[in-house]
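Commentary on secondary and tertiary structure
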Amino acid sequence: HMEQLERLLLPTQVTKMCMWSLHQEDEFYESTSEQNMGTGGKNSIWGIVMNEIGASEEQKEKIKEHRNDARLMAKDLRFTLRECDDLKRRMERKNQALGEEMKELQKILTPAQLAKFILWVNKNPASMAMLDKLWSPIDELSKERTPGRVLPGESSTSTAP
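The structure reproduced in this document is the subject of the present report. Throughout this document, residue positions are counted from 1 along each chain, in the order its sequence is written. The predicted origin of the model limits local features to residues at a pLDDT of at least 70 and limits the giving and counting of side-chain atom pairs to 80 or more, whereas totals for whole chains, interfaces and linings rest on all residues. Just so you know, side-chain values use all the structure's heavy atoms and leave hydrogens and water out.

Digging into the nonpolar core
Here, nonpolar core means buried Ala, Val, Leu, Ile, Met, Phe, Trp, Tyr and Cys residues that are tied together by side-chain atoms lying within 4.5 Å of each other. Accessibility here uses a 1.4 Å probe with only protein chains present; expressed as a share of the type maximum, an area under 20% marks a residue as buried, one over 50% as exposed, and anything in between as partly exposed. Grouped together as the largest cluster of nonpolar side chains are seven residues: Leu 22, Phe 28, Tyr 29, Trp 46, Met 50, Ala 55 and Ala 70. Those residues within four positions of Leu 22 in sequence are excluded, and the remaining contacts are Tyr 29, Ile 63, Lys 64, His 66, Arg 67, Ala 70 and Arg 71. Only heavy atoms matter for contacts: two residues are in contact if any of them lie within 4.5 Å across the pair.

Overview of a nonpolar patch on the surface
Together, Met 102, Leu 105, Ile 108, Leu 109, Phe 117, Ile 118 and Trp 120 give the surface a local cluster of nonpolar side chains, amounting to about 710 Å² of exposed area. In this text, helices come from DSSP runs of H or I with a minimum length of four residues, and strands from runs of E with a minimum of two, each type numbered from the N-terminal end. Secondary structure elements with two or more residues in the nonpolar patch: helix H5 (67-108) and helix H6 (111-123). Residue position: Ile 108 is located in helix H5. On the basis of relative accessibility, which here comes to 66%, the residue Ile 108 falls in the exposed class. Patch definition: residues with relative accessible area over 30% and no salt bridge; like charges joined within 9 Å; nonpolar side chains (Val, Leu, Ile, Met, Phe, Trp, Tyr) joined within 5 Å. Areas reported here follow the Shrake-Rupley algorithm with a probe of radius 1.4 Å; residue values treat only the protein chains shown as occluding. Salt bridges are counted wherever a side-chain nitrogen of Lys or Arg sits within 4 Å of a carboxyl oxygen of Asp or Glu.

Quick notes on the packing of helix H1 (residues 2-9) against H5
Viewed as axis vectors pointing N to C, H1 and H5 meet at an angle of 180°, and their least axial separation amounts to 11 Å. Judged by the angle between their axes, H1 and H5 are roughly antiparallel. Facing H1, whose interface residues are Met 2, Glu 3, Leu 5, Glu 6 and Leu 9, H5 presents Leu 77, Thr 80, Leu 81, Cys 84, Asp 85, Leu 87, Lys 88 and Met 91. Charged residues are taken to be Asp, Glu, Lys and Arg, nonpolar residues to be Ala, Val, Leu, Ile, Met, Phe, Trp, Tyr, Cys and Pro, and polar residues to be all remaining types, Gly included. Its residues placed into classes, the contact of H1 with H5 shows eight nonpolar, one polar and four charged. With axes taken as lines fitted to C-alpha atoms, and helix axes fitted only over the stretch in contact, angles between N-to-C directions fall between 0 and 180 degrees. Working definition: roughly parallel below 35 degrees, roughly antiparallel above 145 degrees, roughly perpendicular at 65 to 115 degrees, and oblique for all remaining angles.

Quick notes on the pattern of salt bridges
On inspection of all chains with the given rule, the structure shows eight salt bridges. Residue Arg 67 pairs with Asp 26 through a salt bridge whose shortest N-O separation is 2.7 Å. One end of the pair, Arg 67, is in helix H5; the other, Asp 26, is in the loop between helix H2 (13-22) and helix H3 (45-53), and 41 residues separate them in sequence. Overall, the relative accessible area of 43% leaves Asp 26 in the partly exposed class.

Concerning H3
Looking at H3, one finds that the buried residues are Trp 46, Gly 47 and Met 50. The buried residues of H3 occupy one face: seen down the axis, they fall within an arc of 95°. Those residues of H3 that are buried lie in contact with helix H4 (57-64). Here, the arc refers to the directions that run from the helix axis to the C-beta atoms.

Encoded structure:
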């Protein structure tokens, strides 16, 4: 699931091209290189794309005004991807620790006892209800962190802390 989340966070090819274009230095948007002299910058990637889409000078300037926003978004995206990577590593460590603990616990029981335990859990809905109650504080904690969710005792117009 984490890989899917990371894929959803990554920009599309079109967005990557836009963000890359907006991350360039001023010279990228001007005709300063020798090969572009006399062509008005039309041989640069910027010039080629702007010519291809038929952008007016006014449109080009408005696009360039978004350079700082694009830089901030890229910085935020890098931060978010690092956070996802950190979460993935923490989940892997937690799952590994849980797996190791389960292996240790399984060593105590015979295979037949373990199978009986698994069958008992699956056949006893009351045990599932008990587990749900034991896990509910964890579930509530995750719900409290969900943006836009109204908690019991709050009105939909109250502000988040």
